[in-house]
Amino acid sequence: MTEGKADCTVAVIGAGAAGALTAARLLDATDRALRVVLIDPDRATARGVAYSTPDGRHLLNVPAAGMSALPDEADDFVNWLHEHVDANIKSSTFVARARYGDYLADHLAASARRSSARLVRRHDRVVAVDHTTGRQVVLRFDSGETLAADAAVLATGTSPGVAWAPPGLLTSDRFVRDPWVPGVLDGLPDTDVLLVGTGLTMVDVVLAADRPSRPLHAVSRHGVVPAVHRSEKTPPVPAPAELAEADSLDSLRSTLRRHVAQTVRRTGDWRAAIDGLRPITAQVWKRLSDSDKQEFLRNDARAWDAHRHRMAPVTAERLAAVRESGRLCQHTGEVVAAEDTGDAIRVLLSDGTAMTVGAVVNCTGPVGDASADPLLASLLACGLARAGSAGLGLDTADDGRILGATGRLAPLWTLGALRRGSLWESTAMPEIRTQAADVATGVAAYLSRPAVRAHSSRLAAPHELMIGDRGDDAATLLDKRLTRRPSPLDVRRRNALATHPGIAVDHTA
Ligand SMILES: Cc1cc2nc3c(=O)[nH]c(=O)nc-3n(C[C@H](O)[C@H](O)[C@H](O)COP(=O)(O)OP(=O)(O)OC[C@H]3O[C@@H](n4cnc5c(N)ncnc54)[C@H](O)[C@@H]3O)c2cc1C
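Rules and cut-offs
Residues numbered from 1 in each chain as written. Predicted model: local features only at pLDDT ≥ 70, side-chain atom pairs only at ≥ 80, totals over all residues. Heavy atoms only, no water. Pairing = 2+ DSSP bridges. Helix = DSSP H or I, 4+ residues; strand = E, 2+ residues; numbered from the N terminus. Axes fitted to C-alpha atoms, helices over the stretch in contact; angles between N-to-C directions. Phe/Tyr/Trp six-rings, centres within 6.5 Å; stacked < 30°, edge-to-face > 60°. Buried < 20%, exposed > 50% of the residue type's maximum accessible area, 1.4 Å probe, protein only. Lys NZ or Arg CZ within 6 Å of the ring centre and 35° of its normal. 1 Å grid on protein atoms, 1.4 Å probe; cavity = no way out; pocket = protein on both sides within 12 Å on 5 of 7 lines; lining within 4 Å. Points joined across faces, edges and corners; volume = space filled by probe spheres on them. Nonpolar A, V, L, I, M, F, W, Y, C, P; charged D, E, K, R; others polar. Arc of directions from axis to C-beta. Contact = heavy atoms within 4.5 Å. Polar contact = N/O pair within 3.5 Å; in protein donor to acceptor, adjacent residues only side chain to side chain. Near = heavy atom within 4 Å. Areas by Shrake-Rupley, 256 points an atom, 1.4 Å probe, with all protein chains shown as cover. Core = buried A, V, L, I, M, F, W, Y, C linked by side-chain atoms within 4.5 Å. Expected span 1.5 Å × (residues − 1).

**Some words on the sheet that holds strand β12 (residues 335–340)**
Within a sheet, adjacent strands bond to each other through the backbone by hydrogen bonds, running parallel or antiparallel. The antiparallel open sheet is built from three strands, whose spatial order is β12-β13-β14. Every other strand in the sheet has two partners, leaving β12 and β14 (354–357) as the edge strands with one partner each. If you compare each strand with its neighbour and ignore which way they point, the axes differ by 20° on average.

This is the structure in structure tokens:
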């Protein structure tokens, strides 16, 4: 482990699954004195929106075998489950999402222990990134502090969008904009509640909010709910070459229909056809014109998501039980008007249904508009980034480097949902783990350029915390480091921990 001042600093903005994996791959990739600063206002590391839920009924929507953090070691998550949770868990099991957050946090901590680079966790929100002077980027925090970094990675995911909500809803306290805010569903009233959106978020909210005294209503424009995985997965059937070569939405639709029909004839399972598209999805998306992409988003995306992002069989059984009990009623339409009457909200749907509910929950999923996020808006405004294809996320190069206005290139990378414009499918872990490795390779190659190596970092970061194995327990990782190689700096940090248990102030910054 190298101590002392780092040659270079890489800032990873967002400590959810994507940020944690990027930090892990950066720590693995480097052979030099690098400092990786992992930034997120949340206390938790490696959980983000998806893996923070403590509700054991919230399961992964991918079997354990598909959730390894490492693209080339498919068994890594299953082995971890056997060691830490239950030796009998099968690779086909859909485990609780909370367990996956534990796994990712362990995965990151293991990379930190192995690495010659240093990992620092910082709790703050980045509100702007500046690249006007010199080679470095300067991150501005909510707290008013700044951090200069040689490269930065945006791993901020996306937040739920509310563009669909009529004004009467946006101003109401009875509107739950983000169902993932911890504890927010606990405050729902014991009366009718309307869920807007019928995808995987709606399913999670139904499982968490179902009470005998609380009738639930779910509405979406298409009324499409996610399809269900089979308990025994049919191996993916590779897509025919003509699908990868389709250059219009019409030809794509007809070729896909044929491919699905042939697959059903051969295997009896349409899922094998959809799963077989995974390796070529980005290629197919890139070949479409912008107007075809827009049309796909308007007319096909819902059906695609419902078939591509499926729920676990046990989750489907639980949803069916709520439906059969009569406590979940589904509508097809849009919310066209809403009025908060003080003790309820009156809602009008586009099919003419009027209902009075105690709360409305936004279940439209993480589809927020990039320009609604202050950090992304500032990047777009100053030209360090430009909108992605079809208005989705940010435009990126193949390794995730952010492309600015008029081709401007700052040392900025991104991954995950912000790459949807470039790749379309870019939100699930199998995509994110590969992207994290690609970003780390791209950043490492950039940092190894002689001009960058010669430029040492000057940092302003007085309140940084060392990361721990779970829940940011600063002492845990430090103790593991100490058993390997104590240094005078370790001793100073240990003393700081003794005075402030759980918090190690990084004085080296
Ligand atoms: C409910 C749900 C369930 C899912 N289940 C699965 C599944 O089973 N399998 C699967 O493969 N995929 C699943 N997904 C897809 C999921 O998107 C990815 O697996 C992954 O969790 C995305 O992680 P992320 O780090 O990109 O985003 P996020 O989890 O959204 O994390 C982004 C982090 O960035 C932080 N942040 C945002 N802005 C800033 C800022 N300006 N400064 C500092 N920090 C910032 C946020 O606080 C947050 O912690 C699920 C998604 C959801 C929403």
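**Thoughts on the packing of aromatic side chains**
Evaluation of the coordinates by the stated rule reveals 11 aromatic pairs. Measuring from ring centre to ring centre gives 5.7 Å for Trp164 and Phe175, while their planes differ by 85°; the resulting arrangement is edge-to-face. Note that Trp164 is positioned in the loop between β7 (151–154) and α4 (167–170) and Phe175 in strand β8 (residues 175–176), a separation of 11 residues in sequence. We classify Trp164 as partly exposed; its relative accessible area is 26%. An aromatic cluster is present here, built from Tyr51, Phe77, Trp80, Tyr100 and Tyr103 joined pairwise through their rings. For the cation-ring pair, Arg122 lies above Phe141, with the distance from its terminal atom to the ring centre recorded as 4.1 Å. Geometry around Trp424 places Arg420 over its ring, the cationic atom sitting 4.3 Å from the centre.

**Quick look at the pairing of strand β1 (residues 8–13)**
In terms of residue burial, β1 counts as a mostly covered element, since six of its six residues are buried. Covered by surrounding structure in β1 are Cys8, Val10 and Val12 together with Thr9, Ala11 and Ile13, the residues of both alternating faces. Pairing between β1 and strand β2 (residues 34–39): six bridges, direction parallel. Within the sheet, the bridge partner assigned to Cys8 lies in β2 and is Leu34. The sheet contact formed by β1 and β7 spans four bridges and is parallel.

**Quick notes on the layout of surface pockets**
The probe, sized like a water molecule, is rolled over the atoms to show the empty space still left. Taken as a whole, the second largest pocket holds about 480 Å³ of empty space. Lining the second largest pocket are 21 residues, with Leu252, Leu256, Phe296, Asp300 and Trp304 positioned closest to its centre. Every element with two or more residues in the lining of the second largest pocket is listed here: α7 (249–267), α9 (281–287) and α11 (301–308). Here the lining of the second largest pocket takes six residues from α7, the largest share from any one element. Its residues assigned to classes, the lining of the second largest pocket shows 16 nonpolar, two polar and three charged.

**Considering the sheet that holds strand β4 (residues 126–130)**
If you walk across this open sheet you meet the three strands as β4-β5-β6, and the pairing is antiparallel. Across the chains shown, the open sheet's two edge strands, defined by having one partner strand only, are β4 and β6 (146–149). With strand direction ignored, the average angle separating the axes of adjacent strands in the sheet is 20°. Sheet topology note: the strand β5 (residues 137–141)/β6 ladder contains four bridges and is antiparallel. Across the sheet, Arg140 pairs through a bridge with Thr146, a residue of β6.

**As for helix α13 (residues 374–381)**
Among the residues of α13, Leu375, Leu376 and Leu379 are the ones counted as buried. In a view along the axis of α13, the buried residues occupy a sector of 95°, so they form one face of it. Those residues of α13 that are exposed and aimed more than 90 degrees away from the buried face are Pro374 and Ala381. Taken together, the buried residues of α13 touch β1, β4, β7 and β16 (412–414). Sitting at the head of α13, Asp373 places a side-chain oxygen 2.9 Å from the backbone nitrogen of Leu375. The positive-phi residue at the C-terminal boundary of α13 is Gly383, with phi of around 85°.

**A word on the side chain of Thr201**
Checked against the element boundaries, Thr201 lands in helix α5 (residues 200–209). With relative accessibility at 10%, the residue Thr201 sits in the buried group. Among residues more than four places away in sequence, those in contact with Thr201 are Pro179, Trp180, Cys363 and Gly365.

**Concerning the site of the ligand**
Neighbouring residues of the ligand: 32 residues in total, closest Asp40, Tyr51, Asn61, Val126 and Met429. Here a nitrogen atom of the ligand and a backbone polar atom of Val126 are 2.9 Å apart. Contact distances for the ligand include 2.8 Å between an oxygen atom and a backbone N or O atom of Met429. A total of 990 Å² of accessible area belongs to the ligand in isolation, and the protein chains cover 89% of it. Elements supplying a minimum of two residues to the shell around the ligand: α1 (17–29) and α15 (429–447). The leading source of residues in the shell around the ligand is α15, at three residues. Counted by class, the shell around the ligand contains 19 nonpolar, seven polar and six charged residues.

**Description of the nonpolar core**
Counting 50 residues, the largest nonpolar core has Phe77, Tyr100, Leu104, Met429 and Val443 as the members making the most contacts within it. Mapped by element, the contributors of at least two residues to this core are β1, α1, β2, α2 (76–84), α3 (97–114), β7 and α15. Apart from residues lying up to four places away in sequence, Leu104 is in contact with Ala17, Leu21, Ala46, Tyr51, Ala69 and Met429. Counting 25 residues, the second-largest nonpolar core is a separate cluster that includes Ile39, Ala370, Leu376 and Leu412.

**Describing the environment of Leu380**
Its location among the elements puts Leu380 in helix α13. A C-alpha to C-alpha distance of 8.0 Å links Leu380 and Gly404, two positions 24 residues apart in sequence. Dropping the residues within four chain positions of it, Leu380 is found in contact with Ser371, Ala385, Arg386, Ala387 and Leu394.

**Details of helix α12 (residues 313–324)**
Here α12 spans 16 Å end to end across 12 residues, near enough to the 16 Å set by a 1.5 Å rise per residue. Within the span of α12, buried status applies to Pro313, Thr315, Ala316, Leu319 and Val322. Residue Gly326 follows α12 closely and has a positive phi angle near 85°.

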